[in-house]
Amino acid sequence: MEVTTSGFVDWAELHRARSRHHSVTGGLEHLHLEEGWSHQIRLVGHPFRFFRHYLPIMAISPGLDHDVCWQAGHRPRERYAVLAFDRQDDNWLKYVEDGGPLFDRFMGPCPSTMDGGPGGKVAPDWLVRIVYPRVIRNGCLVKAYRHREVVVEKLSETTLTVEEQERISSNPVPLDRLLAPTPPELIARMFEEAKSLGPGEPMPGSRAWWQKNG
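(A) Spatial organisation of the environment of Arg-79. In this fold, Arg-79 is placed in strand E5 (residues 77-86). The class for Arg-79 is buried, based on a relative accessible area of 16%. Through-space distance from the C-alpha of Arg-79 to that of Asp-98 is 5.7 Å; in sequence the pair is 19 residues apart. Beyond its immediate stretch of four places on either side in the chain, Arg-79 contacts Phe-48, Arg-49, Phe-50, Arg-52, Tyr-54, Glu-97, Asp-98 and Gly-99. Side chain to side chain, Arg-79 and Tyr-54 meet in a polar contact 3.4 Å long. Here Glu-97 takes part through its side chain, which lies 3.2 Å from a polar atom of the side chain of Arg-79.

In structure tokens form, the structure reads like this:
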């Protein structure tokens, strides 16, 4: 829901509002799973699988046969995305993106006979928490990002309401279009630039790179 009036807000709401301002992509908001929050969500539909490059370029792969970066040995990460209602944000329809292990957690407690799986018409809510263990590195306490822990709790089942089904139907951007692969020729251009990237120059495909290249 768009805010159009002045007024005091609590710090948590300010954080969510600022995150949303920077996270809307193509009309559908990305629900970032952040440490320190217990995210209550209700999954919708089936997950969408794709492959995302983080190094040496930032892009969504069009597949091994059309991706020179992948062919050169830079395998992208396998990622999944699914629509979800954010119960703690006015039941806003967003999408969640993460790796396969999180999605395995959703499927584990659900019987294989469940119609539509964890995102079916009748399916549970979930409580998701992200935890990064702390380690001592160079005398400083830092987050161990590689050892991220995902805590998932299955809540009671809910049936999609008429209003929720209308929100799903009116979603302007399906996930396969929102997360469409980067064209092969652009992948090739980014990869070529990455080979000769100078100090301080933005990584091809990053927000700074797009701002520079228009």
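(B) Local environment of helix H6 (residues 184-195). For H6, built from twelve residues, the straight-helix expectation of 16 Å at 1.5 Å per residue is met to within 8% by its first-to-last C-alpha distance of 17 Å. For H6, every residue scored as buried is listed here: Leu-186, Ile-187, Met-190, Phe-191 and Ala-194. The buried residues of H6 occupy an angular sector of 135° when the element is viewed end-on, so they sit on one face. Within H6, the exposed residues directed more than 90 degrees away from the buried face are Glu-185 and Lys-195. Buried positions along H6 lie against strand E4 (59-60), helix H2 (68-71) and helix H7 (207-213).

What counts, and where the lines are drawn
Residues numbered from 1 in each chain as written. Predicted model: local features only at pLDDT ≥ 70, side-chain atom pairs only at ≥ 80, totals over all residues. Heavy atoms only, no water. Helix = DSSP H or I, 4+ residues; strand = E, 2+ residues; numbered from the N terminus. Buried < 20%, exposed > 50% of the residue type's maximum accessible area, 1.4 Å probe, protein only. Contact = heavy atoms within 4.5 Å. Polar contact = N/O pair within 3.5 Å; in protein donor to acceptor, adjacent residues only side chain to side chain. Expected span 1.5 Å × (residues − 1). Arc of directions from axis to C-beta.

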